[in-house]
Amino acid sequence: MNEGVNGPLPQAGEGGAIRVALRLRHGIRGCLHWLRWGAVALLSTLLLLDLMFPPQLPKARDTSTLVVSRDGTPLRAFADAEGVWRYPATPESVSPLYIEALLNYEDRWFWRHPGVNPVALLRAAGQMATSGRTVSGGSTLTMQVARILDRERAGATRTPWRKLVQILRALQLEAHLDKRQILILYLERAPFGGTIEGVEAASWAYLGKPASQLSRAEAALLAVLPQSPSRRRPDRHPGAAQAARDKVLERMADLGVWTREEVEDARIEPVVARQLQPPMIASLLAQRLRSAHPKHARISTTIDANLQRTLEERVSAYFSNLPERTSAALLVVDNETMEARAYVGSVTFGDKARLGHVDMVRAWRSPGSTLKPFLYGMAIDDGMIHSESLLVDAPQTFGDYRPGNFGEAFNGPVSAAQSLRLSLNVPAVDLLDRVGPGRFAARIDHAGIPLRFPDSAKPNLALILGGTGARLEDLVGTYAGFNRNGIAGRVRYTPEDPRIDRRMLSPGAAWIVREILETNPRPGELEQFDRGARPRVAWKTGTSYGFRDAWAVGGTRRYTVGVWVGRPDGTPLPGQYGALTALPLLFEVVDSLPRGARDAMPLPPPRNVAEVEVCWPLGIAAADLPASLCQRRMKAWTLDGAIPPTFAERGARLWSAGRESFDVDVRSGERVTAVCSLQHETRREQIARWPALATPWLSNETRRASTLPRVAADCMHDGREASEELRIDGLNDGATLVTAPGSEHAIRLSLRALGTERKVQWLLDGKWIAETSGSQPLVRDFGEPGEHALTALADSGAWTRIRFTVLE
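Residues numbered from 1 in each chain as written. Predicted model: local features only at pLDDT ≥ 70, side-chain atom pairs only at ≥ 80, totals over all residues. Heavy atoms only, no water.

1. Observations regarding the packing of helix 2 (residues 96-106) against helix 9 (residues 238-254)
Piece 1. Relative to each other, helix 2 and helix 9 sit at 85 degrees, their axes nearing to 10 Å. When the interaxial angle is binned, helix 2 and helix 9 end up roughly perpendicular. For the pair helix 2 and helix 9, contact is made by Glu100, Ala101, Asn104 and Tyr105 and by Lys247, Val248, Arg251 and Met252, respectively.
Piece 2. Per-class residue counts for the contact of helix 2 with helix 9 are four nonpolar, one polar and three charged. (Axes fitted to C-alpha atoms, helices over the stretch in contact; angles between N-to-C directions. Helix = DSSP H or I, 4+ residues; strand = E, 2+ residues; numbered from the N terminus. Parallel < 35°, antiparallel > 145°, perpendicular 65-115°, else oblique. Contact = heavy atoms within 4.5 Å. Nonpolar A, V, L, I, M, F, W, Y, C, P; charged D, E, K, R; others polar.)

Take a look at the structure:
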């Protein structure tokens, strides 16, 4: 055997085989080389084509905006820039039954193929070649998405070239997106007829329910609609829609995805579609939130859809008889979370005659008397009053400002609680004057009610009667503080809104004010216990000057409700005021809200709130006074043990409220002064003075008990007795006035109040009718038949009264 240097030499036959092997290896290497270069070229070409013709993926916000309630019910939808209704959807947000029907009917191998299913394409091509028509489609779900994104429609002409483009686009999508992203594109953009795209929009449009709640029959229907949305629309062609649906159901049974029993039950369901209408609930709130979040495709709110729908219908029906250009607003807030449960911004959205496009929940309007509870609570916190402090409801002026009551009638001496319940104006202005309008406005702004004044004016006494601007949503948020231990809150409209709580009043002051408002009987009820098991409501009304705004705000343990009625353009609405127009709706709403047993039960007072018996006119604890100085007894709620006395009167009054001591002769009872010509045996006595302006409303017995005895004849006057005595000139007490027979004219009189140079307020039957100064005459017609009382009350507290009768 021949051997070479490195081993045996190959034989002749062996050399030929080696040469063949070497040539083969060389050829394979050459092929691989060209294949690699071909693959690189192909890949480069595909990358170049991808760069030249990128997939038409939607923009970040390319869906319509959907505003939903707290349970996902659509409140209002806003079409996209092209007018298409398309709601956000994900595989997790739709029913699993729909995903099963869609994938098993359209693309069973969706999760496995690379965008194209060659087997399905070959099968479809073979069926087309043998039958001459399309028997089954070969498009995958990815290919359908490609067609949708390229703006092709199911009815477009199908050509091999278009199919090739779809295949390439599908491969391109699979390279750019994962399967879940591709499925989301289909869920949001599949055509369902008209301007409706996506399963969520279709579910609400045709079935009136979210896609998460689809039954098997409904899932099958929506799975097959995109194949031919125009011919199978259930609202136009229910027969064709049902036939297509049943075909899907049969496929699901054949594949064993759903049992035969489940499919047969699904077949029983009829195909019933409602008329296509976009949702329009809480429209103004939805519009407001969309403006605040323009890039959000889905905005979740705190609104209760069922409650919202009910209250919108109630408000529309309740105010249907009001004049044109009249609107209303309603806001319901959960006290615990400060989340809005219902938001009605106008009577009827879109009603041009009622300016229904104006959102009155956030409009600046005169609040009328709705700020009064906060003033009384602040005064309680400051130790100025308790619940039964004596206030005076009588005509008086504060500088150049002379407030009057809503009905022009006055009540004389009233408690703080009574003044607040009756919404009396003069006591509230008097209280604000003592608190300070600037300080009150700052406190109320900090609590959550920013006030707006005209022409940059500073806060003044008129603000407590509505001489400022406020918004319904701020009032409701702050009124909620009465049931939140004095903590006011900003109303929240979405779960993402921050919780902003601010101290409004101390827990004790908030409890006292709420108790005052809660124990105010509803109109038509004698006592609060007439209401039975209805919830306790701390309520307050308000009416702005000129009948431009009617308000009612009230709260229970769980909810706070605010109602506004008026004209958005600010023109008067004569005859409509808070108690007549807004309050009945407030109680209707409160009584319809969910409630528990505790809502009808009173809450115990905080530890620093106590009930104490106080005496009028001094206003202090009865236990600290002799019986002679306690002319009226009443139970008062006090805070931190403070029992402030009755306010001292300001201005040049004849006297002021308070305790007054003096000496009297033990035998005659006459008052003895410091200088007397004779010696007197005296004793020390006291009287409790009522405020001078309250005197006309006191009984004769009460007036005598609080009047100083006359001075003894031999004593010098000390100036403590009344220095002014009024007399009405021009009409005798007890006079009878008779109109001339056949005359339609009233009797005109010219009257004067003699005995003072001060301003004089004239009251007819307790109602203010005029103001004069000094001996300036009052010229007025008196024509109302019946008995009347005419009172002249000077700013000093001096007063007189005559009675007369008018006969026809």
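Text resumes after the structure shown.
2. Looking at the pairing of strand 19 (residues 658-665)
Piece 1. Strand direction decides the pairing type here: strand 19 and strand 21 (residues 682-689), joined by eight bridges, are antiparallel. Bridge pairing links Phe662 to Glu685 in strand 21.
Piece 2. Relative to strand 20 (residues 671-672), strand 19 is paired through two bridges, and the arrangement is antiparallel. Across the sheet, the residue bridging to Val664 is Arg671, located in strand 20. (Pairing = 2+ DSSP bridges.)

3. Here's the deal with unusual backbone geometry
Piece 1. A cis amide bond, omega 10 degrees, links Trp616 with the succeeding residue Pro617.
Piece 2. A positive phi angle is found at Asn485, which is not glycine, with a value near 60 degrees.
Piece 3. Judged by its relative accessible area of 54%, Asn485 is exposed.
Piece 4. Of note, Asp765 is a non-glycine position whose phi angle comes to about 55 degrees, a positive value.
Piece 5. Mapped onto the fold, Asp765 is located in the loop between strand 25 (759-764) and strand 26 (767-773).
Piece 6. On the basis of relative accessible area, Asp765 is assigned to the partly exposed category, the value being 43%. (Buried < 20%, exposed > 50% of the residue type's maximum accessible area, 1.4 Å probe, protein only.)

4. Some details on the side chain of Arg492
Piece 1. Looking at where Arg492 falls in the secondary structure, it is placed in the loop between strand 12 (487-489) and strand 13 (501-503).
Piece 2. Taking the relative accessible area as the measure of exposure, Arg492 reaches 8% and is therefore buried.
Piece 3. Of note is the side chain of Arg492, whose polar atom sits 3.0 Å from the backbone oxygen of Pro495.
Piece 4. Residue contacts for Arg492: discarding those within four places in its chain leaves Thr302, Thr337, Met338, Glu339, Ala340, Asp497, Pro498 and Arg499. (Polar contact = N/O pair within 3.5 Å; in protein donor to acceptor, adjacent residues only side chain to side chain.)

5. Regarding the packing of aromatic side chains
Piece 1. Counted by the stated rule, this structure contains 12 aromatic pairs.
Piece 2. Ring geometry for Phe374 against Phe482: centres 5.5 Å apart, planes inclined by 10 degrees, an arrangement best described as stacked. Here Phe374, found in helix 13 (residues 372-381), pairs with Phe482, found in the loop between helix 17 (472-479) and strand 12; they are 108 residues apart in sequence, far enough to count as distant.
Piece 3. Overall, Phe482 belongs to the buried group, its relative accessible area being 2%.
Piece 4. With centroids separated by 4.7 Å and ring planes inclined at 80 degrees, the aromatic side chains of Trp511 and Trp637 adopt a geometry described as edge-to-face. Within this pair, whereas Trp511 is found in helix 18 (residues 507-518), its partner Trp637 is found in strand 18 (residues 632-639), the two being separated by 126 residues in sequence. (Phe/Tyr/Trp six-rings, centres within 6.5 Å; stacked < 30°, edge-to-face > 60°.)

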